[in-house]
Every structure is written in structure tokens, then in C-alpha cells.
Amino acid sequence: MLFLFVPQSFAQSASKADDVKKFVEEIGNKIVIIASDKKLTDAKKREKIIMVIDGVIDADWIARFVLGKNYKTATDRQRELFTKLYRDFMINTYGPKFKNYNGRKFTVNDVAEQGGFYVAKAEFLPYDSKIPISTDFRAKERNGKLVILDFIAEGISLIETQRSEFNSAISQKGMDKFLDDLTGRVANLKNMS
Amino acid sequence: MLLRSFFILLLFSFSAQDYAFAQDDEFETYETSGEQEIYDPYEGLNRKVYAFNDTFDRYFFEHVARTYRTGVPEDARDAIHNFLNNLSLPVSALNSMAQGRVHNTLATLSNFLINSTIGLVGIFDVAGQKGIFYRPQDFGQTLGYYGAGNGAYLMIPFLGPSTARDFGGFLVDKAVSPVGLNLVEVGGKIKIVPTEYLIGTAALSGVDTRESLLDVIDDIRRDSFDPYATIRSAYLQKRANSIKN
């Protein structure tokens, strides 16, 4: 009986890997096309790219991860405030950088299952280089839908780096002061945009 | 820079639904190379060195790098970068060989031979244009390849982030390289390379590296709540990845 299940399980896994590959390729290629479109203004590029990726990120998961060990000691109010501020912080901090995010090619070379996640190994080829930049996308299926949880550029995980930064800042300042600073930063960023 | 920005942009299209968090066990299965492996027993001292480096950079080195970027044409900067990079290839090939990476060793040596000759002492990256790519290797990576851990995280005056393993490896690489510390000359017996040349290439290499990091460091200074922690995490992850791959 065991042998009957093995091929089916293998086929399901391969099929899911194909789904992840297609999912990540679609996201990457859409962004490259928009970012490379010379007819679009920077503001329009930003708007369109946000529309493309809105919904593919599991924001709650990322916010929880970035909060790290402080999640357990934070109050419900602090958790909710952090999640809301974090989203605004990310949008307003990195939004203006969109205009530079163009390139020639985006390719997903492999998808591997790792610790309950799918890791899509991709390459991004900038216009000004012949050397592709390696990229890992970490994805997971949630409620029957694939979501992106992390982006790892040349071995550097974006959310891991941010978790380390936030944890360090919180341990030095305390959660309330950190949230005050985050609130102030977000307000300043909104005023600048 | 392009890639980093590309990732970052993907992160901020959050749909503000409810604020329910996922279950804890999902986070415990997330394997990363960062937070749990940070060993920074000299953090107090390291932060002081970081503050010193940061001040030195803001008041001097950053300006040199910006002047270099604006005052030297991009093609000339590329040529200088290629030349400096070519000088590092023999040591890189030795480390690659020490790790038993045959293909990478041959690719590194091919780059050195082709660029040193056809590429006019490394000014032109002819090998790269022909698609002969390699992964640079240093002695810190070699030690890591054979199982040596990071050791303590260190912030080195003027040089920046490192670890006990990597800084030791850095010194070994420089001692071995004919354009590094040149221990033979220090010994006072044989003078392979003039001292002025050594100082010149070291200074130029520093400016070249700092220029390449202008945008990255600008971003960190502007966006990070704790630049020291951001740089530490990124450095440790980057090194772990370079050893793994």
C-alpha cells in the first residue's frame, strides 16, 4: 500500500512546486515590466507595482515575524499598533525607490520545499550588468492560496534583517518608546510624500 | 542595490485586514541564519567603534567617495574597480583551491590570466564579458567551509563589520597577497612591491568599495532604527550565504 501513495505524494509535491514557480515568476515579471516602462511616471509605477503585489504578501505573518521575541511580551494594543504602523512605514519608506527597480529579466530557476515553506530560487538581471543577482522568495500556502513571506537577496533576508534591527531598537528603548519613534517616523514620511 | 530595492518594494503592499497573528509554531519552523546565531559579546565596544567609524565616514570618507563618484567618469571607475579586483584573484583562487572547488578555481584563474593579458592588467573585464563567472573566496570563507564558526562579531576601526574568523582570514589573505601587507617586505629581506604602491592600492580600494556602498549606506542611515544592528545582521547573513554557496 505504501508504494501506491509514494508516487501520488511525489506528484502532488512536484505540482505544488510548479505552482510556486509560476506564482513567483508572474509577480517578478509584472514588476520588471512596470518598472522598465519608460512611459510611466514614477508615481504611476509605484501605484501599479503596489497593485500587483497587494494580496500576495501575508502582512500579518511578516509583522508577527518582524516583531520577533517581543511579540510575546507586547500587549494586544501594542501588537495592533505595530502592525498598522509597520505597513505604513514600509510603504512610505520604500515607495520612492520604485523608479530604479527595472531590469532585463527575471527567472525562477528552482523551487524547493524547506521546513514547511517553498523556496523559489530566482535570478534578476539588471540592465547594467551581465551578472544576475540571486534571489530567494519564500512562499507558503495559506487557506489554499500562495503567499509571499520573505525575500532573500544574495543571502540576506529582508525580514530577518528587519527583525534584528527592530528587536535591538526595542531592547534599547522599550516597546512604547519604539512605537512612539515609529509613529513619528511614519508621520514624517507621510508629510514628505 | 537594484535587487534589494526590488525585494523591498514587494514587502509593502500589505492589505490591512484584521490584526490577527498567525500561530506561534509557524514561526518556530522558520529557519533563518540570523538572530539566533548572532554572537556579539563585545557589543558595547563594537558600538563605540561603529560610532567612531560613522563619524569618520560622515566627515571625511563619504565626501571622498562622493567626490570620486562625481569627479571620475563611470568608465574610468569601472576600469579602476576591475584593476583592483584583478589583483585579488590569485588569493581568491588559492582559497577556492583550498576548498576543493575545482570549477571555481579554474574560472578564477581564467579570469586572472585573461584579464591580466588581453584585459590590459585587469583594466578590462574581458573574461566576464565572455561569461566566465566565478565566486570570490577568502580565507574566512575557507575556514567557514571547513566548519569554523564566526566567533565573536567585531567592528573593526576604519574597516567595518567582521568576525573573529573573518578578520583573522583577512589578515592571512593580506599576508599571502603580493599586494597586501607584503610580509616579505616587512621582514626586510625582499622588496617585491614598492610600499607606495601598496598604500596607493589599499587607499584606492577603500574608496572604490565605499563608492559602491554609497546608496546602501545612505538607505541604512535614513531608514534603520538601529543601523548597527542592521549592518550586523546583514553582514552575518551575507557571510553565511557565501560559505554555504
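What you are looking at is a predicted structure, and each value in this text was computed from that prediction instead of being measured.

### A few points about the overall build of chain B
Within chain B one finds 12 helices and 2 strands. Counting from the amino terminus, chain B carries its helices and strands in the arrangement α-α-α-α-α-α-α-β-β-α-α-α-α-α. Out of the 245 residues in chain B, the part that is buried amounts to 42%. At a minimum sequence separation of 6, the contacts of chain B that also span at least 24 residues come to 65%. As presented, chain B carries roughly 12700 Å² of accessible surface, and 64% of it is formed by carbon and sulfur atoms.

### Comments concerning the overall build of chain A
A count of helices and strands for chain A gives 7 helices and 5 strands. Going from N to C terminus, chain A has its helices and strands arranged as α-α-α-α-α-β-β-β-β-β-α-α. When each of the 193 residues of chain A is scored for burial, the buried share is 50%. Restricting to contacts in chain A with at least 6 residues of sequence separation, those with at least 24 account for 52%. Just so you have it, chain A exposes about 9600 Å², and 53% of that area is on carbon and sulfur atoms.

### A word on unusual backbone geometry
Trans is the common state for peptide bonds, and a negative phi is the common state for residues other than glycine. One non-glycine residue, A:Asn143, lies in positive phi territory at about 55°. Look at A:Asn143 and you get exposed, because its relative accessible area is 79%. Phi at B:Phe158 is positive, roughly 70°, even though this residue is not glycine.

### Some details on the confidence of the model for chain B
All names here are of chain B. Put simply, chain B has an average pLDDT of 83, and 79% of its residues get 70 or more. Element-level mean pLDDT values for chain B span from 37 in helix H1 (residues 2–11) up to 97 in strand S1 (residues 153–156). Note on residues 1–22: pLDDT is under 50 here. Beyond four places in sequence and across chains, it has 86 contacts. Segment residues 31–35 is flagged for pLDDT under 50; beyond a separation of four residues in sequence, or across chains, it makes 13 contacts in the model.

### Description of the nonpolar core
Residues A:Val24, A:Phe82, A:Ile148 and A:Phe178 are the most contacted members of the largest nonpolar core, which totals 52 residues. The element that contributes the greatest number of residues to this core is helix H1 (residues 2–36) of chain A, accounting for 9 residues. Once residues lying within four places of it in the same chain are set aside, the contact partners of A:Phe178 are A:Phe82, A:Phe166, A:Ala169, A:Ile170, A:Lys173 and B:Phe225. B:Tyr153, B:Tyr228, B:Tyr235 and B:Leu236 belong to the second largest nonpolar core, which has 7 residues in total.

### Focus: the pairing of strand S1 (residues 105–114) of chain A
Residue and element names in this part refer to chain A. Pairing of S1 with strand S2 (residues 117–125), which is carried by 9 bridges, proceeds in the antiparallel orientation. The partner of Asp110 across the bridge, within S2, is Lys121. Between S1 and the antiparallel strand that follows it, S2, lie 2 residues; Gly115 among them carries a positive phi value of about 60°.

### A few points about the pattern of salt bridges
With the rule as written, the count across this model stands at 30 salt bridges over all chains. One salt bridge connects A:Lys121 with A:Asp136, and the closest N-O pair in it is separated by 3.4 Å. Remark: A:Asp136 occurs in strand S3 (residues 133–142) and A:Lys121 occurs in strand S2; sequence separation between them is 15 residues. Judged by relative accessible area, A:Lys121 falls into the partly exposed class, the value being 38%. Across the pair B:Asp215 and B:Arg69 runs a salt bridge whose closest N-O atoms are separated by 3.4 Å. Taken as a pair, B:Asp215 in helix H11 (residues 214–223) and B:Arg69 in helix H3 (residues 43–71) lie far apart in primary sequence, 146 residues in all. Looking at B:Asp215, the relative accessible area reads 30%, which means it is partly exposed. The network of salt bridges with common partners includes B:Asp54, B:Asp57, B:Arg58, B:Glu62, B:Arg66, B:Arg210, B:Asp218 and B:Arg221.

### Digging into the pairing of strand S4 (residues 145–153) of chain A
All names here are of chain A. Among the 9 residues that make up S4, 8 are buried, leaving the element largely enclosed by the rest of the structure. Pairing of S3 with S4, which is carried by 8 bridges, proceeds in the antiparallel orientation. Bridge pairing links Phe137 to Phe151 in S4. One ladder, built from 2 bridges, connects S4 with strand S5 (residues 156–157); its direction is antiparallel. If you follow Ala153 over to S5, its bridge partner there is Ile156.

### What about the packing of aromatic side chains?
Per the counting criterion, the structure on display carries 20 aromatic pairs over all chains. Ring plane angle 15° and centroid distance 6.0 Å describe the contact between B:Phe167 and B:Phe170, whose orientation is recorded as stacked. Of this pair, B:Phe167 and B:Phe170 both sit in helix H8 (residues 164–176), 3 residues apart, roughly one helical turn. What makes B:Phe167 partly exposed here is its relative accessible area of 24%. Among the aromatic residues, those joined into a ring-pair cluster are A:Phe82, A:Tyr86, A:Phe166, A:Phe178 and B:Phe225. Taking NZ or CZ as reference, A:Lys140 lies 4.8 Å from the ring centre of A:Phe117, over its face. A:Arg185 extends its terminal NZ or CZ atom over the ring of B:Phe225, reaching a point 4.2 Å from the ring centre.

Cut-off values and rules
Residues numbered from 1 in each chain as written. Chains lettered and ligands numbered in written order. Predicted model: local features only at pLDDT ≥ 70, side-chain atom pairs only at ≥ 80, totals over all residues. Heavy atoms only, no water. Helix = DSSP H or I, 4+ residues; strand = E, 2+ residues; numbered from the N terminus. Buried < 20%, exposed > 50% of the residue type's maximum accessible area, 1.4 Å probe, protein only. Contact = heavy atoms within 4.5 Å. Areas by Shrake-Rupley, 256 points an atom, 1.4 Å probe, with all protein chains shown as cover. pLDDT = per-residue confidence, 0-100. Core = buried A, V, L, I, M, F, W, Y, C linked by side-chain atoms within 4.5 Å. Pairing = 2+ DSSP bridges. Salt bridge = Lys/Arg side-chain N within 4 Å of Asp/Glu carboxyl O. Phe/Tyr/Trp six-rings, centres within 6.5 Å; stacked < 30°, edge-to-face > 60°. Lys NZ or Arg CZ within 6 Å of the ring centre and 35° of its normal.

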